[in-house]
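Structural overview
The residues making up each chain are set out below.
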Amino acid sequence: MESVHFIVGIGVLATNAVAGIWGAAAWLRNRPSVGFWYALRTAQVAVVLQAGLGVTLLALGHVAPDDLHVIYGVAPIVVSFSAEAIRSGVAERELTGLDFDALPADRRRAIAAVIVRRETGIMAASALVVLFLALRAAATSGVLF
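Notes on the structure follow. (Residues numbered from 1 in each chain as written. Predicted model: local features only at pLDDT ≥ 70, side-chain atom pairs only at ≥ 80, totals over all residues. Heavy atoms only, no water.)

1. A short note on the side chain of S33
- Relative to the helices and strands, S33 resides in the loop between α1 (2–29) and α2 (34–59).
- For S33, a relative accessible area of 15% gives the class buried.
- Within polar-contact distance, the side chain of S33 engages the side chain of W22 at 2.8 Å.
- A distance of 3.2 Å separates a polar atom in the side chain of S33 from the backbone nitrogen of F36.
- Sequence-distant contacts of S33, that is, excluding residues within four places in its chain, are made with W22 and A26. (Helix = DSSP H or I, 4+ residues; strand = E, 2+ residues; numbered from the N terminus. Buried < 20%, exposed > 50% of the residue type's maximum accessible area, 1.4 Å probe, protein only. Polar contact = N/O pair within 3.5 Å; in protein donor to acceptor, adjacent residues only side chain to side chain. Contact = heavy atoms within 4.5 Å.)

2. Thoughts on the pattern of salt bridges
- On inspection of all chains with the given rule, the structure shows four salt bridges.
- For R41, the salt bridge is made with E84, and the minimal N-O distance between the two is 2.4 Å. One end of the pair, R41, is in helix α2; the other, E84, is in helix α3 (residues 67–88), and 43 residues separate them in sequence.
- On the basis of relative accessible area, R41 is assigned to the partly exposed category, the value being 32%.
- Judged by relative accessible area, E84 falls into the buried class, the value being 19%.
- Here E94 and R118 are joined by a salt bridge, their closest N and O atoms 2.0 Å apart. Here E94 is found in helix α4 (residues 90–95), whereas its partner R118 is found in helix α5 (residues 105–141), with 24 residues between them in sequence.
- The class of E94 is partly exposed, set by a relative accessible area of 22%.
- Overall, R118 belongs to the partly exposed group, its relative accessible area being 43%. (Salt bridge = Lys/Arg side-chain N within 4 Å of Asp/Glu carboxyl O.)

3. As for the nonpolar core
- Formed by A19, F36, W37, A39, L40, A43, A83, M123, A124 and A127, the largest nonpolar core amounts to 10 residues.
- At the level of secondary structure, the elements contributing two or more residues to this core comprise α2 and α5.
- Of the residues forming this core, the biggest block, five residues, is contributed by α2.
- Discounting chain neighbours no more than four positions away, the residues touching W37 are R87, E119, T120 and M123.
- Within the second largest apolar cluster, nine residues are counted, among which are L13, L53, V130 and A134. (Core = buried A, V, L, I, M, F, W, Y, C linked by side-chain atoms within 4.5 Å.)

4. Considering the packing of α2 against α3
- Two elements in contact, α2 and α3, have axes separated by 10 Å at closest approach and are oriented at 145 degrees. As for how α2 packs across α3, the hand of that crossing is left-handed. Seen from α2, the contacting residues are W37, R41, Q44, V47, A51 and L58; seen from α3, they are V70, G73, P76, I77, S80, E84 and R87.
- Residues belonging to the contact of α2 with α3 are distributed by class as follows: seven nonpolar, three polar and three charged. (Axes fitted to C-alpha atoms, helices over the stretch in contact; angles between N-to-C directions. Left-handed = near helix turned anticlockwise from the far one by under 90°. Nonpolar A, V, L, I, M, F, W, Y, C, P; charged D, E, K, R; others polar.)

The following block contains the structure:
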């Protein structure tokens, strides 16, 4: 089971690196990317799977090599949920006080583009933070270094 935890950990690193870089590039270029959202969701699934495996190992009596390893293992879930909560309020903040349906089509598209860009930036940043936390978890595991 420890080897599965290690392999999924590599997956967490890889998927969050891809999602973070992809999202950052889309944000910087101001170009929406549907593929980014699939990469992000894949990375989030990997994080949940990894945390579940870690909790299972602890429940089976395995001891983490360092208490920080557990903290760095749980923190990505907190970051992901926090980012989703922040992201969910972006549209509401942009649309407060507007009669969106009464706006001209070009103005609606412009507002939608702003919302998508902000959401992409928030979630790309969260993927990069998760990548950093996963790297720290790997470092505290003693397996990599």
